[in-house]
There are 2 protein chains.
Amino acid sequence: MNLKQLSEQLGLSQTTVSRALNGYPEVSAATRHRVEAAAKEFNYHPSTRAKGLATGRALAIGHVIPMSTKHEMVNPVFGDFIAGAGETYARNGYEMILSIVDDSNEDQIYRSLKLRRAVDGVIVHGPRIDDPRIALLSEIGMPFAVHGQVTHNALPYTFLDVDNHDAFVQATDYLFDLGHQRIALINGLETMDFAYRRRSGYEASLRAHGVAIDPALMRSSEMTEVIGYESARDLLAFNNGPTAFICASLISALGVRRAIEERGLVMGQDVSVVTHDDMLSYLQNGGETPIFTATRSSVRTAGRQLAESLLHAIEHPNNPPQKTILKCEFVVGHSTGPAPRKDEHGL
Amino acid sequence: MNLKQLSEQLGLSQTTVSRALNGYPEVSAATRHRVEAAAKEFNYHPSTRAKGLATGRALAIGHVIPMSTKHEMVNPVFGDFIAGAGETYARNGYEMILSIVDDSNEDQIYRSLKLRRAVDGVIVHGPRIDDPRIALLSEIGMPFAVHGQVTHNALPYTFLDVDNHDAFVQATDYLFDLGHQRIALINGLETMDFAYRRRSGYEASLRAHGVAIDPALMRSSEMTEVIGYESARDLLAFNNGPTAFICASLISALGVRRAIEERGLVMGQDVSVVTHDDMLSYLQNGGETPIFTATRSSVRTAGRQLAESLLHAIEHPNNPPQKTILKCEFVVGHSTGPAPRKDEHGL
DNA sequence: AACCATACCCAAAGCGCTTTGGAAGCCATT
DNA sequence: AATGGCTTCCAAAGCGCTTTGGGTATGGTT
């Protein structure tokens, strides 16, 4: 059933039917009801493509997911993020279209999405320091919203980020308060903006406590269980190893815990761990009481909100960009405790 | 730049330009080259929507992701699966469109996708036993391919599945060979088809070894770390607890390991664990040598292949459905060992 | 020289919608 | 009775592509 058929059924013009269905005022309440009833009865759904052609709007948002070709890895937070964004789109009649793309030809994808008029806007995932995408998107006139921020960038843009700096200051401070002095950082890849900010938070806390920054205690890599494990294993093997770890992800933290236990140490006693927790649905940080002491912020909520910001930007192109920064919640779990005294576990 | 402008530039009709670009034979090689060069020069990309309107094809595949409203959880394998599928789509000029939908109104989504002509076909995720979707999709004439299978179903359909039954027979057999007799199963939700098949594999092995099926040793729930942990903790507290676990997911297995270690037991000695491993990029089963003994099969490869099957089905609607079953690889890690003698750890 | 393929190209219709620019009918006002 | 303003509707022109159903040279046959 298409518009033409429906209007013939009703004995009305396509114009009137279209207007009735789209809420225009030039239609009497009576005919509007009649039209709506018929649309329901005949299960009429306008063709997305025809509508898009006629209006010039795609009613679709693009998510382009960069995939590091090296590691062939898609960010684990991604599933929950789009679950959140999807809720927003569904509520507003938008479609979500996904492109997985290796970082080599990102440019092409964005340009192509624009030129083919395939989407009304895009969400930028995984921003890097000095990310060229924001200049690109501004240049080609594609509305966008960034999940994260881009350090070293002059142009204004819409984004949503958690306060990574603050979160890691808090995490580090907390460990200092417990008496830890040698605190390791198992960070994500520091080409990523969020990881850069987390490190700067960590370092700020060290400086504030008059503790020297020791590169030997810092790791920056993909946030996987294995890398978390290997990093912690190596660090714990040092003569004067760390008594505490800060992890950028719950997944890394699981690896760190494995290394700790493998060494016969007890997490929360011999070695403390604080992690950031994105509150992924399939990897919760314990039940009632958290396992890991953590800075946490729901990535799903982030998806929902950022999608809203983007839709807003699309509908009000002249408004200034919305900048949202979410504070993390700090939760105390079983993974942290007072620093052991020097000789306690014979490191 | 649109077709009309491009053809004016070239002094050709839109027809000819369109044909040149789409590889039709009624165009001389010379003009074809000229057209292609101009298209590149002016960065011409045909509008997806206009093309779709004219051809009646969407050049898009829908993925509708069911989300249990109860658990607000999106399947963790999802990210890797679509990364695989995305590769196939990119190679074939298809778009991927995603709908996250709570299980209450799935029907509506499929019907709407069909009526709005938004996609050429859909991938069915997370099939359940006796899943109504395959009848629905057949009825409304929407091409589809299932990731998994549907037990109790008469209609033919395209699918790709791992041999879940066989994998779990193998896993259980392996533990019997090591001398284990009390083997627990930490399964996914058994309303899901894959979990049903895994249990039946497990039970088949028990029967083959003349061991009674003990419901007290079986758990069926969401595959999260926490649930893995709680299940194992409770089971290990029994007087005559299991000496081995079979897990449906690496994530559950991490929880099981935590419970084992919390009890002061050693995985691979006191208690053995075998798990299924979907080879998620962010959660690998160790590096060179696997941590967990596992039945494994890459969900990313599955995505790539199933997408190919679907595109094939769309292009050759009269061909019989493709049915693909992938065998799992069985890898031996550190998590399994001979069954301890009865008195060994005083259970 | 007439004829026919063949190769190359084009005008126009159509895909299913929205939207512009009226038109018709009705009522109140002068 | 003429005028003007509402309300309610419609015909037709796009949106940017593909595709049908031709047309016009060109060169080879008879």
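Since this is a predicted model, take the numbers as computed values, not measurements.

### Details of the overall build of chain A
Secondary structure summary: chain A contains 12 helices and 12 strands in total. Its C-alpha atoms give chain A a radius of gyration of 25 Å, more than 25% over the compact-globule value 20 Å for 347 residues. Restricting the contact set of chain A to residue pairs at least 6 apart, pairs at least 24 apart contribute 71%.

### Observations regarding the interface of chain A and chain B
Between chain A and chain B, the contact holds 46 residues from the first and 46 residues from the second. Of all elements in the fold, only α4 (48-55), α5 (78-92), β2 (95-102), α6 (106-115), α10 (225-236) and α11 (250-262) of chain A reach the threshold of two or more residues within the side of chain A that touches chain B. Residue contributions to the side of chain A that touches chain B peak at seven residues, all from α5(A). A breakdown of the residues in the side of chain A that touches chain B according to their chemical character gives 22 nonpolar, 15 polar and nine charged.

### Quick notes on the protein's contact with DNA strand D
In the vicinity of DNA strand D lie 25 residues, with Ser13(A), Asn2(B), Leu3(B), Ser18(B) and Ala54(B) positioned nearest. Mapped onto the surface near DNA strand D, the elements with two or more residues apiece are α2 (14-21) and α4 of chain A together with α2 (14-21) and α4 (48-55) of chain B. Of the residues in the surface near DNA strand D, the class split is nine nonpolar, 13 polar and three charged.

### A short note on the protein's contact with DNA strand C
Around DNA strand C, a shell composed of 25 residues is seen, among which Asn2(A), Leu3(A), Ser18(A), Ala54(A) and Ser28(B) lie nearest. Mapped by element, the contributors of at least two residues to the surface near DNA strand C are α2 and α4 of chain A together with α2 and α4 of chain B. Per-element accounting of the surface near DNA strand C gives the leading share, five residues, to α4(A). Each residue belonging to the surface near DNA strand C can be placed in one class, and the counts come to nine nonpolar, 13 polar and three charged.

### Here's the deal with the pairing of strand β9 (residues 272-277) of chain A
Residue and element names in this part refer to chain A. Extensive coverage of β9 is indicated by the burial of six of its six residues. Going residue by residue along β9, you find Ser272, Val274 and His276 tucked away on one face and Val273, Thr275 and Asp277 tucked away on the opposite face as well. Across four bridges, strand β8 (residues 244-247) lies against β9 in parallel orientation. By the bridge assignment for β9, Phe245 is matched with Val273. Taking the sense of rotation as the criterion, the β-α-β connection linking β8, α11 and β9 turns out right-handed. Note that β9 and strand β10 (residues 293-296) share four bridges and pair parallel. Residue His276 lies in a different strand from β10, and its bridge partner there is Thr295.

### Points about the sheet that holds strand β12 (residues 329-331) of chain A
Backbone hydrogen bonds are what pair the strands of a sheet, in a parallel or an antiparallel way. All names here are of chain A. The six strands are arranged β7-β6-β8-β9-β10-β12 in an open sheet whose pairing can be described as mixed. Unpaired on one side and paired on the other, β7 (218-220) and β12 mark the two borders of the sheet. Averaged over all pairs of adjacent strands, the angle between their axes in this sheet comes to 15 degrees, without regard to strand direction. Sheet topology note: the strand β6 (residues 183-187)/β8 ladder contains four bridges and is parallel. Within β8, the residue paired with Leu185 across the bridge is Ile246. Contacts between helix α9 (residues 193-208) and the sheet are confined to β6, β7 and β8, with β6 contributing the most and set at about 170 degrees to the helix.

### What to know about the relation of the copies chain A and chain B
With an RMSD of 0.1 Å, the operation that places chain A on chain B is a rotation of 180 degrees combined with a shift of 0.0 Å along the axis. Accordingly, the operation relating the two chain copies is best matched by a two-fold axis. Residues of chain A ranked by C-alpha distance from the rotation axis are headed by Ile97(A), positioned 2.1 Å from it. Comparing interface residues between copies, 100% of those in chain A also lie at the interface in chain B; the contact surface is shared.

### Describing helix α8 (residues 164-177) of chain A
Residue and element names in this part refer to chain A. In a regular helix each residue adds 1.5 Å, so 14 residues correspond to 20 Å; α8 covers 20 Å between its end C-alpha atoms and thus fits that length. All of the buried residues along α8 are Asn164, His165, Ala167, Phe168, Val169, Ala171, Thr172, Tyr174 and Leu175. Where α8 is buried, its residues touch β5 (158-162), β6, α9, β8, β9 and β10. Just downstream of α8 lies Gly179, where phi reads positive at about 100 degrees.

### What about the sheet that holds strand β7 (residues 218-220) of chain B?
Residues and elements named next belong to chain B. On the basis of which strands lie adjacent, the open sheet formed by six strands has the order β7-β6-β8-β9-β10-β12 and mixed pairing. With one partner strand each, in any of the chains shown, β7 and β12 (329-331) form the two edges of the open sheet. Pairwise comparison of adjacent strand axes, ignoring direction, gives a mean angle of 15 degrees for this sheet. Pairing between strand β6 (residues 183-187) and β7: three bridges, direction parallel.

### A few points about the environment of Ala232(B)
Residues and elements named next belong to chain B. Positionally, Ala232 belongs in helix α10 (residues 225-236). Residue classification places Ala232 among the buried positions, given that 29 C-beta atoms sit within 10 Å. The spatial distance from the C-alpha of Ala232 to the C-alpha of Leu12 is 73 Å, given a sequence separation of 220 residues. The residues touching Ala232, leaving out its near neighbours within four places in the chain, are Ile186, Phe245, Gly255, Val256, Ala259 and Ile260.

### Describing the domain arrangement of chain A
By a widespread convention, an interface's size corresponds to the accessible area lost as its parts come together. When the domains of chain A are assigned, the result is domain 1 (3-46), domain 2 (60-162 + 299-327) and domain 3 (164-298). Computed over C-alpha atoms, the centres of domain 1 of chain A and domain 2 of chain A are 36 Å apart.

### Some words on the pairing of strand β1 (residues 60-67) of chain B
All names here are of chain B. In terms of burial, β1 is a largely internal element, eight of the eight residues being buried. Sheet topology note: the β1/strand β2 (residues 95-102) ladder contains eight bridges and is parallel. Residue Ile61 lies in a different strand from β2, and its bridge partner there is Met96. Where β1 and strand β3 (residues 121-124) come together, four bridges link them in parallel fashion. Its bridge partner lying in β3, Ile61 is registered against Gly121.

Basis of the calculations
Residues numbered from 1 in each chain as written. Chains lettered and ligands numbered in written order. Predicted model: local features only at pLDDT ≥ 70, side-chain atom pairs only at ≥ 80, totals over all residues. Helix = DSSP H or I, 4+ residues; strand = E, 2+ residues; numbered from the N terminus. Rg over C-alpha atoms; globule rule 2.2 N^0.38 Å. Contact = placed C-beta atoms within 7 Å. Nonpolar A, V, L, I, M, F, W, Y, C, P; charged D, E, K, R; others polar. Near = placed C-beta within 6 Å. Buried ≥ 20, exposed ≤ 12 C-beta atoms within 10 Å, placed from the backbone. Pairing = 2+ DSSP bridges. Right-handed = clockwise from strand over helix to strand, strands pointing away. Axes fitted to C-alpha atoms, helices over the stretch in contact; angles between N-to-C directions. Least-squares fit on C-alpha atoms with pLDDT ≥ 70 in both. Expected span 1.5 Å × (residues − 1). Domains from an automatic or database assignment.

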